[in-house]
Amino acid sequence: MGIYTRDAYRKVMGSIGNIAFFASIVRIAGMVVPLCVAPHPVLRTTAREVTAFTDALHRLARDLIETMYANDGIGLAAPQIGQGLQVFVANPSRQRGRELVVVNPILDVATGRARMVEGCLSVPKMWERVKRAAHVRMSGRDIFGKPLVVEADGLLAIALQHEFDHLQGRLFIDRLPWFRRRRLAARWVRPASVEGAWR
Ligand SMILES: [Zn+2]
């Protein structure tokens, strides 16, 4: 996910519960890898559950982190680098060592309403205001397979929802009202219809 407006930067960063930050734990070098851009089919495919918490997964997380930073993003999901696995990274603080990595996420709670301008590294040069939940609780696994729960509001809550959508094959443009989607459909990227409580 990329957020580019000054308005969005001013928003309060989300609070994070009991999580271990990834970068301080695992010492595997990551690489900047090419991004998949819409309409690449991997972006429209539901990602597979991770069953093996191995070095390959750690390397994938590291690649996601390095690629996110190289592209000035605050979140990146595995399908965006061509890996159809339920993994994403997020770091609205942009401080190295504060990256959150979530594996096999489930959105347990999504309450309140927020609107923020979002961009996406897989949908270049497009920024739109998106309606989302203001507060979320997400459960999943960390990269070692340990259960993880993240409670978030602010920018982190938005990033978690944006990246979670990627793992379901959804893009932020799918959540726009019909008249804005129609405008986008005339361009090179075609939004899909989306079902959910937070449209
Ligand atoms: Zn995105």
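Residue numbers run consecutively from 1 along every chain, following the written order of its sequence. Reporting in this predicted model follows two pLDDT cut-offs: at least 70 for local features of residues, and 80 or more for side-chain atom pairs to be given and counted; totals over whole chains, interfaces and linings ignore these cut-offs and use all residues.

### Some remarks on the overall build of the protein chain
Counting from the N terminus, the helices are DSSP H or I runs at least four residues long and the strands are E runs at least two residues long. Looking only at helices and strands, the protein chain features four helices and seven strands. When the helices and strands of the protein chain are read in sequence order from the N terminus, they spell out α-α-β-β-β-β-β-β-β-α-α. Counting other C-beta atoms within 10 Å of a residue's own tells you its class, since 20 or more makes it buried, 12 or fewer makes it exposed, and anything in between is partly exposed; those C-beta atoms are placed from the backbone. Across the 199 residues of the protein chain, 40% fall into the buried class.

### What to know about the environment of Ala 90
With respect to the element layout, Ala 90 can be found in strand β2 (residues 87-90). Residue Ala 90 is classed as buried on the basis of its 31 C-beta neighbours within 10 Å. Separated by 69 residues in sequence, Ala 90 and Ala 159 place their C-alpha atoms 6.8 Å apart. In this description, any two residues whose backbone-derived C-beta atoms lie within 7 Å of each other are considered to be in contact. The residues contacting Ala 90, other than those within four sequence positions of it, are Ile 74, Gly 75, Leu 100, Leu 156, Ala 159, Leu 160 and Glu 163.

### A word on the environment of Phe 172
Structurally, the position occupied by Phe 172 is in the loop between α3 (154-167) and α4 (178-185). Classification of Phe 172 by C-beta neighbours within 10 Å gives buried; the count is 24. Along the primary structure Phe 172 and Gly 119 are separated by 53 residues, whereas in three dimensions their C-alpha atoms are 7.8 Å apart. Discounting chain neighbours no more than four positions away, the residues touching Phe 172 are Glu 118, Cys 120, Glu 128, Val 130, His 162 and Asp 165.

### A closer look at the nonpolar core
By our criterion, buried Ala, Val, Leu, Ile, Met, Phe, Trp, Tyr and Cys residues that link up through C-beta atoms within 7 Å make up a nonpolar core. One finds Ala 61, Leu 64, Phe 88, Val 89 and Leu 160 to be the most contacted residues of the largest nonpolar core, which totals 46 residues. Broken down by element, the residue count for this core peaks at eight residues, all from α3. Ignoring sequence-local partners within four residues, the contact set of Leu 160 consists of Ala 90, Val 136, Met 138, Val 150 and Ala 152.

### Side note on the sheet that holds strand β7 (residues 147-153)
Pairing between strands is defined by DSSP: at least two bridges between the two strands are required. If you trace the five strands from one edge of the open sheet to the other, you get β1-β2-β3-β6-β7, paired in antiparallel fashion. Across the chains shown, the open sheet's two edge strands, defined by having one partner strand only, are β1 (75-77) and β7. Each strand axis lies, on average, 35° off the axis of its neighbour in the sheet, ignoring direction. Two strands pair when backbone bridges link them, and β1 and β2 are joined in this way by three bridges, in the antiparallel orientation. Bridge assignment links Ala 77 to a residue of β2, and that residue is Phe 88. Packing against the sheet, helix α2 (residues 55-70) makes contact with β1, β2 and β3 (100-111), and its axis sits at approximately 40° to β2. Strand contacts of α3: β1, β2, β3, β6 (135-141) and β7, with the helix running at about 155° to β2, the strand carrying the most contacts. Every axis in this analysis is a line fitted to C-alpha atoms, fitted for helices over the stretch in contact. Angles between the N-to-C directions lie between 0 and 180 degrees.

Keep in mind these values describe shape, not function.
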